[in-house]
Structures are given as C-alpha cells and as structure tokens.
Amino acid sequence: MPALTNEQIDHFEEYGFLKVDDVLDHETVIDPVVEEYEKVLDNLATTLYEKGSIKSKYQDLEFGDRVTNIYAESGEVHNQYFDFSLPQGEIKSDTPFWAGPAVFNALTDTRLLDLVESLIGSEIYSNPVQHVRIKIPEDQCPKDGKGRVKFGATPWHQDLGVVTEEADESDMLTVWFPLMNTDEKNGCLTVVPGSHRGELLTHCPGYEVKNKSKDVSDNVPPGSFGLQIPDHLFDVESSAPVPMKKGSVLLFTKKTVHAALPNISDRIRWSFDLRYNPVGQKTGRSVFPGFVARSKLNPGEVLTNPYHWSKLWTEARDGLAGAEQFSFQRWDTDDPACA
Ligand SMILES: O=C(O)CCC(=O)C(=O)O
Ligand SMILES: [Fe+2]
C-alpha cells in the first residue's frame, strides 16, 4: 500500500510540495528527540559555564528558554553543537555535532520512509545534506558586528542550489518537519507553488547583504546572508507560508523555491530538514556520509545501527579535519543577476 494517495502525489507533482499531517508519532519519534537534545544542551551549558562564557547553566529552564538564554548570554549561536552534519569548511578534530540514536530513529522512521518511498521508490538513501535548526527569538539572538542576527530567517533558495552539480541528475527529495507547531510568527517555511517546473535559478552569495529586498524579506533581517535567489527571478508574489503542526511533514523537490520566515515570536522555532535520494545517485556532498535507509532489493545493506551512523560522521570529521578545504558552492558573485 503506498503511503500517499494519488491525489497527494498529483499535488506534489503539480505544485512541487506537499504537506502531510499526523505522520510522526509524538511519543515514539519526536519527544525522544527532544529528550536527547536536552542532554546535549546540558553538556553545552556545562562546557560554556566551565569556560566562563555563561554565569548560570540555566538548569531550571525548559529547553527553549534554556537555549535562548545560553545563546544570548554567551553572545554566540551554538547550532553546530546540535547539528547532525558538519560545517562547509574549517572542520577541526573537535568540531562538535550530534548524531544520536533518537535522531537516527527519526531519520529512519517507517512512516516517514513510506512517504519517501511513494515519491522516489523503495531504494532509499539518506542524503547527508541534513540539519536541525533551532532558531531563538530574533530579538534575543546574538548579532554580528553589523547588527545582523547570527541565525535567523532562511533566504529564498532551491535545495539544488546548495549542493554541487554532481546532484543535478539526482532525484533528491527534501523532508522538512518541525518538532513543535510552526507558524508565520515563529518562522515557518514559505514556498513558491509550481516553481519546481522551472530551471535551477541563480543563487547569489551574500545577495541580501547588498540588496534590501521587498516581500518576505521585509521581515527578513539583513542577517540572512548566504546564498539567495534574487526575487526578480521568480514569482515572489505567489509564495505562500506553510504553517505546520508537530507531527506533520513537508515534502518538496530539489527545485522548489522556498524560504523560512524570521522568528518574531518569544519562543524557539525548532525543525529538522532531511533529504533522501534513490540509492546509487549522487548526494551533492560526497565528502559527507549517507546510508541506505530502506531497500527491497538489498535489505542486507540497510543501516540499522545508530552507533554505526554516528561513527560514520566521526570518521568523516576526523578525515576532513585540517584537510584541503572543499566547497558545495557553484555560484559566482559577479553574475549579472546578482547585481
Ligand atoms: O528551516 C529552515 O530555516 C530552512 C529549511 C530549508 O531550507 C530546507 O529544509 O531545505
Ligand atoms: Fe532549503
């Protein structure tokens, strides 16, 4: 039985995205992730406290308030500490990451993989382009030297634009879900329906910094640097926010234009974004490790041990530490579209 109905598959094909409600079980999938991250945060608090970066460990606060206070007081956003991926440069042997069993359990959740199977088939590879994003309220978020929020809204992009050309022929699917309800106030995603039928658009490095654009970006503080599609290249007016409930999942294609709104609420906004492609296709970040998450043809190749997964990331980090720098970047600041 396919997990998605024909109507849902048609919607995905027509608009380039699909929201599916009530996919992830709260008790067995999401809450264990939250509990696992509570321990990770506790370790971060201890480390920063011992370094003298914070004067309190904020032990009595719940996760969201605790992480907010810790980031604010230390003046830093410590997202790499929680992420189940590595940075795109300057990897060191002590670069932190978190690839814990509850995270692995979410990445390999049966109901989640059933949805993925409906769209890309039964041979499913977990692509290493994946992140946890904990966004604290922007008014409390540490700012850089230019007054920009260090980790805020996500600018307009296509996921194919943030991987190497190697993945151009891959059928990469993005799976985004919040660990809590998300809406326009705390920074849900916003998508451009039908944008996936066009080409890969030009992504400009640091575009937002040079150009204060309209639309979403009226709310997007200049902190949204990184790669961005200039909004004259697509129909920004047709974009629509996608509020989501805890347990819901948003599926979209590698060419669907999307962004995330800023968190102007007084709580954190917390999400996972995962990617999958058919086994054997390029991931677009070949120096990072993926794994076979499901296979009807070769069930023996499926990775089921979360500690093995964590070890793959440790080995990747150790191998890349101090090595020649790599880039997942294919864009040129001098492109006329970026002017
Ligand atoms: O959650 C975000 O801020 C951005 C997520 C995103 O761009 C993605 O899932 O591809
Ligand atoms: Fe994205």
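What you are looking at is a predicted structure, and each value in this text was computed from that prediction instead of being measured. (Residues numbered from 1 in each chain as written. Chains lettered and ligands numbered in written order. Predicted model: local features only at pLDDT ≥ 70, side-chain atom pairs only at ≥ 80, totals over all residues.)

## Some details on the overall build of the chain
Right, so step 1: Broken down by element type, the chain carries seven helices and 12 strands.
Right, so step 2: Radius of gyration (C-alpha) of the chain: 19 Å, near the 20 Å computed for a compact globule of 339 residues.
Right, so step 3: Seen through its C-alpha atoms, the chain measures out along the principal axes to roughly 55 × 50 × 40 Å.
Right, so step 4: Per-residue burial for the chain yields a buried fraction of 43% across its 339 residues.
Right, so step 5: Nonlocal contacts in the chain, meaning residues at least 24 apart in sequence, comprise 81% of its contacts between residues at least 6 apart. (Helix = DSSP H or I, 4+ residues; strand = E, 2+ residues; numbered from the N terminus. Rg over C-alpha atoms; globule rule 2.2 N^0.38 Å. Buried ≥ 20, exposed ≤ 12 C-beta atoms within 10 Å, placed from the backbone. Contact = placed C-beta atoms within 7 Å.)

## Focus on unusual backbone geometry
Glycine aside, negative phi is the norm for most residues, and most peptide bonds take the trans geometry.
Right, so step 1: Unlike most non-glycine residues, D22 shows phi in positive territory, near 55°.
Right, so step 2: Within the secondary structure, D22 is located in the loop between β1 (17-20) and α2 (26-51).
Right, so step 3: Unlike most non-glycine residues, E90 shows phi in positive territory, near 50°.
Right, so step 4: Structurally, the position occupied by E90 is in the loop between α3 (63-74) and α4 (101-107).
Right, so step 5: Here E90 falls in the exposed class, since 11 other C-beta atoms lie within 10 Å of it.

## Structural notes on the pairing of β1
Right, so step 1: Side-chain alternation along β1 places F17 and K19 on one buried face and L18 and V20 on a second face that is also buried.
Right, so step 2: The pairing of β1 with strand β9 (residues 249-253) spans four bridges and is antiparallel. In the strand pairing of β9, V20 is matched with V249. (Pairing = 2+ DSSP bridges.)

## Here we look at the packing of α2 against α3
Helix packing for two helices is described by the angle between their axes and how far apart those axes are.
Right, so step 1: One can describe the packing of α2 onto α3 by two numbers: an axis separation of 11 Å at closest approach and a directional angle of 25°. One way to sum up the angle between α2 and α3 is to call them roughly parallel. The interaxial crossing formed by α2 with α3 has left-handed handedness. Residues V34, Y37, E38, L41, L44, A45 and L48 of α2 form the contact with α3, whose own contacting residues are F63, R66, V67, I70 and S74.
Right, so step 2: Of the residues that constitute the contact of α2 with α3, the class distribution is nine nonpolar, one polar and two charged. (Axes fitted to C-alpha atoms, helices over the stretch in contact; angles between N-to-C directions. Parallel < 35°, antiparallel > 145°, perpendicular 65-115°, else oblique. Left-handed = near helix turned anticlockwise from the far one by under 90°. Nonpolar A, V, L, I, M, F, W, Y, C, P; charged D, E, K, R; others polar.)

## Regarding α2
Right, so step 1: Here α2 spans 36 Å end to end across 26 residues, near enough to the 38 Å set by a 1.5 Å rise per residue.
Right, so step 2: By the largest-angle criterion, P32 marks the main kink of α2, which is about 30°.
Right, so step 3: Backbone geometry just downstream of α2 places G52 in the positive-phi region, at approximately 85°. (Expected span 1.5 Å × (residues − 1). Bend = angle between axes of the 7 residues up to and from the residue.)

## Quick word on the site of ligand 1
Right, so step 1: Around ligand 1, the surrounding shell consists of R133, T154, D159, T174, W176, H258, A260, S271 and D273.
Right, so step 2: When its residues are assigned to classes, the shell around ligand 1 shows two nonpolar, four polar and three charged. (Near = placed C-beta within 6 Å.)

## Considering the nonpolar core
Right, so step 1: Counting 83 residues, the largest nonpolar core has V103, V116, V175, V249, L250, L251 and Y276 as its most contacted members.
Right, so step 2: The biggest single contributor to this core is α2, with eight residues.
Right, so step 3: Setting aside residues up to four positions removed in sequence, Y276 forms contacts with V116, I120, I124, Y125, S126, N127, L173, V175 and A293. (Core = buried A, V, L, I, M, F, W, Y, C linked by C-beta atoms within 7 Å.)

## With respect to the confidence of the model for the chain
Right, so step 1: Residues at a pLDDT of 70 or more form 94% of the chain, whose mean pLDDT is 92.
Right, so step 2: Confidence drops under pLDDT 50 across residues 211-225; counting only partners more than four residues distant or on other chains, this segment forms 38 contacts. (pLDDT = per-residue confidence, 0-100.)

## Things to note about the sheet that holds strand β11 (residues 269-278)
Right, so step 1: The strand order across the open sheet built from six strands is β1-β9-β4-β11-β2-β12, with neighbouring strands paired in antiparallel fashion. The strands lining the two open edges of the sheet, one partner per strand, are β1 and β12 (291-294). The average undirected angle you get between the axes of adjacent strands in this sheet is 30°.

## Some details on the environment of Q140
Right, so step 1: By the secondary structure assignment, Q140 is in the loop between β2 (124-135) and β3 (154-157).
Right, so step 2: When the 15 C-beta atoms within 10 Å are taken as the criterion, Q140 is described as partly exposed.
Right, so step 3: Taking C-alpha positions, Q140 is 16 Å from L61, a pair spaced 79 residues apart along the chain.

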